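Okay, here's what each chain looks like letter by letter:
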Amino acid sequence: PDYKAALKAVDKLDKKDLQEIRSFQSPPPPVATVVECVCSLFGQKTDWGSAKAVLADPNLSRKFKDFDKDSIPEKVSFKLQGCVRREDFDPAVMEQHCKAAKAFCMWCRALSAYDDLLKEVAPKKKKQQEQIAEHEQAVAKLEGLRKEMDEALA
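Residues numbered from 1 in each chain as written. Predicted model: local features only at pLDDT ≥ 70, side-chain atom pairs only at ≥ 80, totals over all residues. Heavy atoms only, no water.

So what's going on with helix α3 (residues 29-41)? Which residues, and what values?
Between its first and last C-alpha atoms α3 spans 18 Å; for 13 residues at 1.5 Å apiece the expected length is 18 Å, and the two agree. Of all the positions in α3, only Pro30, Val31, Ala32, Thr33, Val34, Val35, Cys37, Val38, Cys39, Ser40 and Leu41 are classed as buried. Packed against the buried residues of α3 are α2 (15-22), α4 (48-56), α5 (60-66), α6 (74-84), α7 (91-95) and α8 (99-153). Positioned one or two residues after α3, Gly43 has a phi angle of 75°, which is positive. (Helix = DSSP H or I, 4+ residues; strand = E, 2+ residues; numbered from the N terminus. Expected span 1.5 Å × (residues − 1). Buried < 20%, exposed > 50% of the residue type's maximum accessible area, 1.4 Å probe, protein only. Contact = heavy atoms within 4.5 Å.)

Tell me about the packing of helix α1 (residues 2-11) against α8, and please be specific about residues and values.
Packing of α1 against α8 brings their axes to within 8 Å, and their N-to-C directions diverge by 155°. The pairing of α1 with α8 is recorded here as roughly antiparallel in orientation. Note on packing geometry: the crossing formed by α1 with α8 is left-handed. Of the residues in α8, those touching α1 at Asp2, Tyr3, Ala5, Ala6, Leu7, Ala9 and Val10 are Ala103, Phe104, Met106, Trp107, Ala110 and Leu111. (Axes fitted to C-alpha atoms, helices over the stretch in contact; angles between N-to-C directions. Parallel < 35°, antiparallel > 145°, perpendicular 65-115°, else oblique. Left-handed = near helix turned anticlockwise from the far one by under 90°.)

I'd love a proper account of the nonpolar core, names of residues and values included.
The biggest cluster of nonpolar side chains holds 41 residues, and the ones touching the most others in it are Ile21, Leu41, Phe104, Trp107 and Cys108. Among the secondary structure elements, those contributing two or more residues to this core are α1, α2, α3, α4, α5, α6 and α8. In terms of residue count, the dominant contributor to this core is α8 (9 residues). Leaving out residues up to four positions away in the same chain, Cys108 has contacts with Val34, Cys37, Val38, Leu41, Leu80, Val84 and Phe89. (Core = buried A, V, L, I, M, F, W, Y, C linked by side-chain atoms within 4.5 Å.)

Go over the state of the cysteines, please, and point to the residues and values.
Enumeration according to the criterion identifies 0 disulfides in this entry. Cys39 takes part in no disulfide bond, and the closest cysteine sulfur, belonging to Cys37, lies 9.4 Å away. Free of any disulfide, Cys105 has its nearest cysteine sulfur in Cys108, 7.0 Å distant. With relative accessibility at 0%, the residue Cys105 sits in the buried group. (Disulfide = S-S within 2.5 Å.)

Break down the side chain of Asp57 for me, citing the residues and quoting the values.
Secondary-structure assignment places Asp57 in the loop between α4 and α5. For Asp57, a relative accessible area of 18% corresponds to the buried category. Within polar-contact distance, the side chain of Asp57 engages the side chain of Lys63 at 2.7 Å. (Polar contact = N/O pair within 3.5 Å; in protein donor to acceptor, adjacent residues only side chain to side chain.)

Now, about the packing of α6 against α8: what can you tell me, with residues and values included?
As a packed pair, α6 and α8 sit with axes 10 Å apart at the nearest point and diverge in direction by 125°. Put simply, α6 runs oblique to α8. In this structure, α6 crosses over α8, and the sense of that crossing is left-handed. Contacts from Glu74, Ser77, Leu80, Gln81 and Val84 of α6 reach α8 at Cys108, Arg109, Leu111, Ser112, Asp115, Asp116 and Lys119. In the contact of α6 with α8, the residues fall into 4 nonpolar, 3 polar and 5 charged. (Nonpolar A, V, L, I, M, F, W, Y, C, P; charged D, E, K, R; others polar.)

Go over the packing of aromatic side chains with me, naming the residues and quoting the values.
Enumeration according to the criterion identifies 6 aromatic pairs in this entry. For the pair Phe42 and Trp107, a centre-to-centre distance of 5.7 Å together with 40° between the ring planes defines the contact as tilted. Here the residue Phe42 occupies a position in the loop between α3 and α4, and Trp107 occupies one in helix α8, the gap between them amounting to 65 residues. Trp107 carries the same exposure label as Phe42, and that label is buried. Within the aromatic cluster, the residues linked to one another by ring pairs are Phe42, Phe64, Phe67, Phe104 and Trp107. (Phe/Tyr/Trp six-rings, centres within 6.5 Å; stacked < 30°, edge-to-face > 60°.)

Written out as structure tokens, the structure reads:
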């Protein structure tokens, strides 16, 4: 639910909202942090000049929607965790600076929570798949034994 709400907040951003965040010559530290985080997630350079180019991309909203949240590289995940754990990495703090920073912050935080959950579930899912494979092998062996028994009784 948080991820969908964050995507909706990003999707509601208009050109004026993005222009506002790009207009900073030197962004306030919380805004710089959230934009660096977004750039890292998109695999882009995190300096302000590069960030402004990312923010000017006409397909930015689509990039947020199409982001592969199931395949975040470990190095990027580590950086994401470091950002979202900061005290000033909060939508309320970002909102004091600009609407876009708040939406980006919400998205990063939701993505971080999803990534944490994915890391918790992944080993369990792997174990489940192993157990399913073991079950299928046992069923196949049982079917073979049934077939042998039917042949022996015939």
